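So you can see what is in the structure, the chains are spelled out below.
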Amino acid sequence: MDRSPATDYAADAQAAMIAAPTSKSGAWLHRFANPGRFQRLVQPLIPWIGWAALIVCSVGLVWGFAFAPADWQQGIASRIMYVHVPAAWVAMNGYAALAICSLLSIVWRHPLADIAAKEMGPVGAGFTGLCLITGSLWGKPEWGTYWVWDARLTSVLILFFLYLGHMALIRAFDNPQHGYRAAAILGLVGAINLPIIVFSVYWWNSLHQGNSITLTGPSKIYVTMLYPLLISTLGFYLAFIAMSLARISSGIMENRARALLLARAERSGS
Amino acid sequence: MMSRKKRRLWIVIACGLGLSTAVALMLVAFRSSLSFFMSPQQVAARHPPAGRVFRLGGIVQANTVVMGTRDGAPYTTFRITDGRASIPVVYTGVLPGLFRQGQGVVTIGAMSRGDREFLASTVLAKHGADYMPRDVEMALRKAGKWNPKFGPPPNAGAWDDKSPAQIEASNNG
Amino acid sequence: MVKNTLPYVVGSYGAALAIIGILSLTTFFRYRAARRRLAAVEPRGRGESGSAAS
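Residues numbered from 1 in each chain as written. Chains lettered and ligands numbered in written order. Predicted model: local features only at pLDDT ≥ 70, side-chain atom pairs only at ≥ 80, totals over all residues. Heavy atoms only, no water.

### A few points about helix α4 (residues 134-142) of chain B
All names here are of chain B.
- Of the positions making up α4, those classed as buried are Val136, Glu137, Ala139 and Leu140. Seen along its axis, α4 keeps its buried residues to an arc of 160°; they face one direction.
- Residues of α4 that are buried make contact with α5 (164-169). (Buried < 20%, exposed > 50% of the residue type's maximum accessible area, 1.4 Å probe, protein only. Helix = DSSP H or I, 4+ residues; strand = E, 2+ residues; numbered from the N terminus. Arc of directions from axis to C-beta. Contact = heavy atoms within 4.5 Å.)

### So, unusual backbone geometry
Residues and elements named next belong to chain B.
- The residue His47 is not glycine, and still its phi comes out positive at about 50°.
- For His47, the position within the fold is in the loop between α3 (40-46) and β1 (54-60).
- For His47, a relative accessible area of 49% corresponds to the partly exposed category.

### Let's talk about the packing of helix α6 (residues 151-170) of chain A against helix α8 (residues 193-203) of chain A
All names here are of chain A.
- Across the interface, α6 lies against α8 with an axial gap of 8 Å and an inter-helix angle of 160°. When the axis of α6 is compared with that of α8, the two are roughly antiparallel. Here α6 and α8 pass one another in a crossing that is left-handed. Facing α6, whose interface residues are Ala151, Arg152, Ser155, Val156, Ile158, Leu159 and Leu162, α8 presents Asn193, Leu194, Ile196, Ile197, Val198, Ser200 and Val201.
- Class assignment of the residues belonging to the contact of α6 with α8 gives a composition of 10 nonpolar, 3 polar and 1 charged. (Axes fitted to C-alpha atoms, helices over the stretch in contact; angles between N-to-C directions. Parallel < 35°, antiparallel > 145°, perpendicular 65-115°, else oblique. Left-handed = near helix turned anticlockwise from the far one by under 90°. Nonpolar A, V, L, I, M, F, W, Y, C, P; charged D, E, K, R; others polar.)

### Considerations on the environment of Val198 of chain A
All names here are of chain A.
- Summarising the element assignment, Val198 is placed in helix α8.
- For Val198, a relative accessible area of 30% gives the class partly exposed.
- Those residues in contact with Val198, other than ones at most four positions away along the chain, are Met92, Arg152 and Asn211.

### Brief notes about empty space enclosed by the protein
Residue and element names in this part refer to chain A.
- Considering all chains together, one arrives at 2 cavities of 30 Å³ or more under this definition.
- Taken as a whole, the second largest cavity spans an internal volume of roughly 30 Å³.
- What lines the second largest cavity is simply Cys101, Ser102, Ser105, Asp114, Ala117, His166, Ile170, Tyr180, Ala183 and Ala184.
- Elements with a contribution of two residues or more to the lining of the second largest cavity: α4 (81-108), α5 (111-142), α6 and α7 (176-190).
- Along the lines of polarity and charge, the residues of the lining of the second largest cavity split into 6 nonpolar, 3 polar and 1 charged. (1 Å grid on protein atoms, 1.4 Å probe; cavity = no way out; pocket = protein on both sides within 12 Å on 5 of 7 lines; lining within 4 Å. Points joined across faces, edges and corners; volume = space filled by probe spheres on them.)

### Comments concerning the packing of aromatic side chains
- Per the stated rule, a full pass over the model turns up 13 aromatic pairs over all chains.
- Between Phe127 of chain A and Phe236 of chain A, the aromatic rings sit 5.7 Å apart at their centres with planes inclined by 55°, giving tilted as the arrangement. With Phe127 of chain A in helix α5 and Phe236 of chain A in helix α9 (residues 223-269), this pair connects stretches of sequence that are 109 residues apart.
- On the basis of relative accessible area, Phe127 of chain A is assigned to the buried category, the value being 1%.
- Residue Phe236 of chain A is classed as buried on the basis of its relative accessible area, which comes to 0%.
- Each ring, one from Trp203 of chain A and one from Trp204 of chain A, has its centre 5.6 Å from the other, and the planes form 80°; the classification is edge-to-face.
- With relative accessibility at 46%, the residue Trp203 of chain A sits in the partly exposed group.
- On the basis of relative accessible area, Trp204 of chain A is assigned to the buried category, the value being 6%.
- In this structure an aromatic cluster arises from ring pairing among Phe127, Phe236 and Phe240 of chain A.
- Positioned over the ring face of Phe36 of chain B is Arg55 of chain B, at 4.1 Å from the centre of the ring. (Phe/Tyr/Trp six-rings, centres within 6.5 Å; stacked < 30°, edge-to-face > 60°. Lys NZ or Arg CZ within 6 Å of the ring centre and 35° of its normal.)

### Examining the environment of Ser102 of chain A
Residue and element names in this part refer to chain A.
- As for its position among the elements, Ser102 is in helix α4.
- Owing to a relative accessible area of 1%, Ser102 belongs among the buried residues under this scheme.
- When the C-alpha positions of Ser102 and Val189 are compared, they lie 9.7 Å apart, and in sequence the two are 87 residues distant.
- If we skip the residues at most four places from it in the chain, Ser102 touches Ala183, Ala184, Gly187 and Leu188.

### Considerations on the side chain of Arg152 of chain A
Residue and element names in this part refer to chain A.
- Turning to its location among the elements, Arg152 is positioned in helix α6.
- For Arg152, which is buried and forms no salt bridge, the nearest opposite charge comes from Asp150, at a distance of 7.2 Å.
- Among the polar contacts made by the side chain of Arg152, one reaches the main-chain carbonyl oxygen of Val198 at a distance of 3.4 Å.
- For Arg152, the contacting residues outside a window of four places in its chain are Ile197, Val198, Ser200, Val201, His208 and Asn211. (Lys, Arg positive; Asp, Glu negative; His and termini not counted. Salt bridge = Lys/Arg side-chain N within 4 Å of Asp/Glu carboxyl O. Polar contact = N/O pair within 3.5 Å; in protein donor to acceptor, adjacent residues only side chain to side chain.)

### Section: the pairing of strand β3 (residues 73-81) of chain B
All names here are of chain B.
- The sheet contact formed by β1 and β3 spans 2 bridges and is antiparallel. Paired with Val60 across the two strands is Ile80, which belongs to β3.
- Sheet topology note: the strand β2 (residues 66-70)/β3 ladder contains 5 bridges and is antiparallel. Residue pairing in the sheet places Val66 in a bridge with Thr77 of β3.
- Between β2 and β3, which pair antiparallel one after the other, the connecting turn spans 2 residues, and Asp71 there sits at a positive phi close to 55°. (Pairing = 2+ DSSP bridges.)

### A word on the pattern of salt bridges
- Applying the stated criterion across every chain, the model contains 7 salt bridges over all chains.
- Here Glu119 of chain A and Arg247 of chain A are joined by a salt bridge, their closest N and O atoms 3.4 Å apart. In this pair, Glu119 of chain A is assigned in helix α5 and Arg247 of chain A in helix α9, connecting sequence segments 128 residues apart. There is no split in this pair, since Glu119 of chain A and Arg247 of chain A are both buried.
- Residue Glu119 of chain A is joined to Arg30 of chain C by a salt bridge in which the shortest nitrogen-to-oxygen separation is 2.9 Å. With Glu119 of chain A in helix α5 and Arg30 of chain C in helix α1 (residues 6-41), this pair bridges two chains.
- Given a relative accessible area of 3%, Glu119 of chain A falls into the buried group.
- Overall, Arg30 of chain C belongs to the partly exposed group, its relative accessible area being 21%.
- Each of Glu119, Arg247 and Glu254 of chain A together with Arg30 of chain C takes part in one network of salt bridges that share partners.

Geometric descriptors of this kind do not, in isolation, establish any biological role.
Right under this line is the structure:
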């Protein structure tokens, strides 16, 4: 029976919280499981990523809102794209990151992955909500309706509910480990929705248009409209990364402060 | 002996395969109801019964739009095509602002008796994935590369990074 | 039939500012609070993550 300290999760997490030990097993994954190492690596980066996110988002959104040319047919409503499309991309890739954390949690009992999944949930849900709201605001003047139950819109709404369900589940148990286990299963099962979102506009007839930018073939967005889109996309990704890292870091610090206070109370109590 | 980590990994892989197969089968089984609309070709092949409400989508065929008023209400007749089949549509009501020849639309309604025409109660505009400023659109028109009346714009590689002057200069090229 | 789409555009950018703004502000204040709290309870000289919480 393999009883290496790395697989003994409860002890590992406890030790990681209090003593922030260096890697014990040879597994390379666990080199990054150490919250102390994570804090040393990431905390100095957070303000830089945060400021970069603020600057790039501002440039992208101001460019998109005020300077990007209007579409020949949609007019200025096309400017909603500079919020909607980056939000959709971040929402989907955020969920992909959450699903990877779930896998790391289920298989390798990676203590940092649980905290990461817990903290990325609300950020991803925010971007998914933004995607749905802006899509709706674009749909009213352009399609003639706020909402239709086509495959793309419905699958993104399901993504939103998956985020909300994950957020609720991971916080639902008195013992956080139970929440981490349950939420990791939900996170992995929900990943099946991602290819459905991406290909929904090709597999089925949908009211939603196909993808304007693909990895193969030229972009269907004119170059002067493409630049602000790419910039605000970069800004949104930076914002997601900065917020996720800061929240993970906060979670680790909160856990550690709690563990220290608990240890102190136990010492003075005995 | 398998380590616990490895066993968990295999369980996850097995569950993932099972789940994806189940979802894929479900999606195939519900294929027709997952499609938001039927194309004219599908309508021509399946002949939905008169009075059954469904959505019909395609492009407003050029030179088929006739507008008028009937009993004081505006009504429009046009044909929806997907390039392979076309269906005549009658719509009573105010059209969305983007309605034009060559525009993608999705209409909700039912076939009339005798499969003659589609009686639409709602018309939604369906956008293409193309975004271009007005001067690029004008340049493509002047170069004779595109008339919006006849459907979506040409291959994006022909215009997405060229200046309007370059596009116009590429006339007949 | 020209439709005024400006309210929809303004609404979209407003939603972006509101959602991203609220998320980043709550994140910022939580991060600052966690650092201060940990700095207050961390035993001196042995914390690893505490070293950054100055």
